[in-house]
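Descriptive analysis of the structure
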Amino acid sequence: MPKRVLITDYVWPSVEPEREVLAQIGVELVVAPSGDEDTLVSMAKDVDGILTCFAKVNENVVRAAKNCMVIGRFGVGVDNIAVETATELGIAVTYVPDYCIDEVSDHVMALLLTWNRRIVPLDLSVRTTGWGSVPLTMRIMRLRGKTLGIVGFGRIGRSVALKAQAFGFDILTYDPYVDTEAAAKQGARVVDLQTLLRESEFVTLHTPVTPETGSLIGRSELEMMKPEAFLINCARGALIDEDALYDALTSGQIAGAGLDVLVDLAPPPNDRLFQLGNVVVTPHTAFFSQEAVLELEQRAAGEVASVLQGKMPDNLVNR
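Read on for an overview of the structure. (Residues numbered from 1 in each chain as written. Predicted model: local features only at pLDDT ≥ 70, side-chain atom pairs only at ≥ 80, totals over all residues. Heavy atoms only, no water.)

1. Comments concerning the packing of aromatic side chains
Enumeration according to the criterion identifies six aromatic pairs in this entry. Judged by centre distance (4.9 Å) and plane angle (10 degrees), the rings of Trp-115 and Phe-230 are stacked. In this pair, Trp-115 is assigned in helix H5 (residues 101-116) and Phe-230 in strand E10 (residues 230-233), connecting sequence segments 115 residues apart. The exposure class of Phe-230 is buried, given its relative accessible area of 0%. Relative to Phe-202, the ring of Phe-169 has its centre 5.7 Å away and its plane inclined at 90 degrees; by these criteria the two rings are edge-to-face. Taken together, the residues span a long stretch of sequence, with Phe-169 in the loop between helix H7 (155-165) and strand E7 (170-174) and Phe-202 in strand E9 (residues 202-205) at a distance of 33 residues. Classification of Phe-169 by relative accessible area gives buried; the value is 5%. By relative accessible area, which is 0% here, Phe-202 ends up buried. One aromatic cluster in this structure is built from Trp-115, Phe-169, Phe-202 and Phe-230. When the ring centre of Trp-115 is taken as origin, the NZ or CZ atom of Arg-118, which lies over that ring, is 4.1 Å away. The ring of Tyr-246 carries the charged tip of Arg-272 above its face, separated from the ring centre by 4.7 Å. (Phe/Tyr/Trp six-rings, centres within 6.5 Å; stacked < 30°, edge-to-face > 60°. Helix = DSSP H or I, 4+ residues; strand = E, 2+ residues; numbered from the N terminus. Buried < 20%, exposed > 50% of the residue type's maximum accessible area, 1.4 Å probe, protein only. Lys NZ or Arg CZ within 6 Å of the ring centre and 35° of its normal.)

Here's what the structure looks like:
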């Protein structure tokens, strides 16, 4: 009987790239009709590998997968996978940490520029009230000489720094795992989080969610920021305390926020943050381009294929 790999969920048009990669080693692909726990527990019992995007591959799912050798993540973070349980059971967990560096760093700059140049309200004003109908009283900054604070200086953070320097930004970064000299070579000065928040006109988050980083930006951190500051999150929603953010945005404690992610993976259309004029929001699409998605599909499936062939994958979470 051929080996089988379960895809729990996906957000692209088809899974043919994955199917092609796995078919090369004689592995059959099956797709879950739903990403809910009961469905995944039932289907995981008979598969040798799992590929997941956003669905929760929790402890119950992992323990149900009696024959499973590998769980592969479509993407960078693995907080939707019970990694400790997988490790206990000898199941490899793989991911693709570097497939959308250009796309996410582009998106950060797009949110920053959209906010600072007031693209959304100006576009709306032309369409609804005519050309030149808005008095030029809004705050638009000259970016050269302003400070961008990058929280997390991994691949994406470094890419943001490179692009931001072309606009004349001074770059600060906070990352406990980054060497000062290494950051300096990328044009960034390493500081503590408090200094970064106090000195930056723009702050962008690029760190995974861990017990240490959950609600990394809370009430006290927002109080440190400048009143003209703009906070960007294209990483994980759980990095920000949303109650504190809402209060900061409505009170004028900070000027605005650009959000590609929220704590709720599928927030309702009437989410209170969506009602605020000082929020620019996109629906978790920072990773997306046709090129990035094809690369993600092929590489994620390739990692799973490697493990199923007894080979070491390129990106193993639980080495």
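2. Re the pattern of salt bridges
Oppositely charged side chains may form a pair once their charged atoms are brought near each other. Counted according to the given criterion, the structure contains 14 salt bridges. Note that Lys-163 and Asp-102 form a salt bridge whose closest N and O atoms lie 3.8 Å from each other. Placement of Lys-163 in helix H7 and of Asp-102 in helix H5 is noted, with a sequence separation of 61 residues between them. Given a relative accessible area of 23%, Lys-163 falls into the partly exposed group. A salt bridge links Asp-123 to Arg-127; the nearest nitrogen and oxygen atoms lie 2.8 Å apart. One end of the pair, Asp-123, and the other, Arg-127, are both in helix H6 (residues 119-129), four residues apart, so they sit about a helical turn from each other. Residue classification places Asp-123 among the partly exposed positions, given a relative accessible area of 36%. Using a relative accessible area of 66% as the deciding quantity, one classes Arg-127 as exposed. Through salt bridges that share partners, Glu-59, Arg-63 and Glu-88 make up one connected network. (Salt bridge = Lys/Arg side-chain N within 4 Å of Asp/Glu carboxyl O.)

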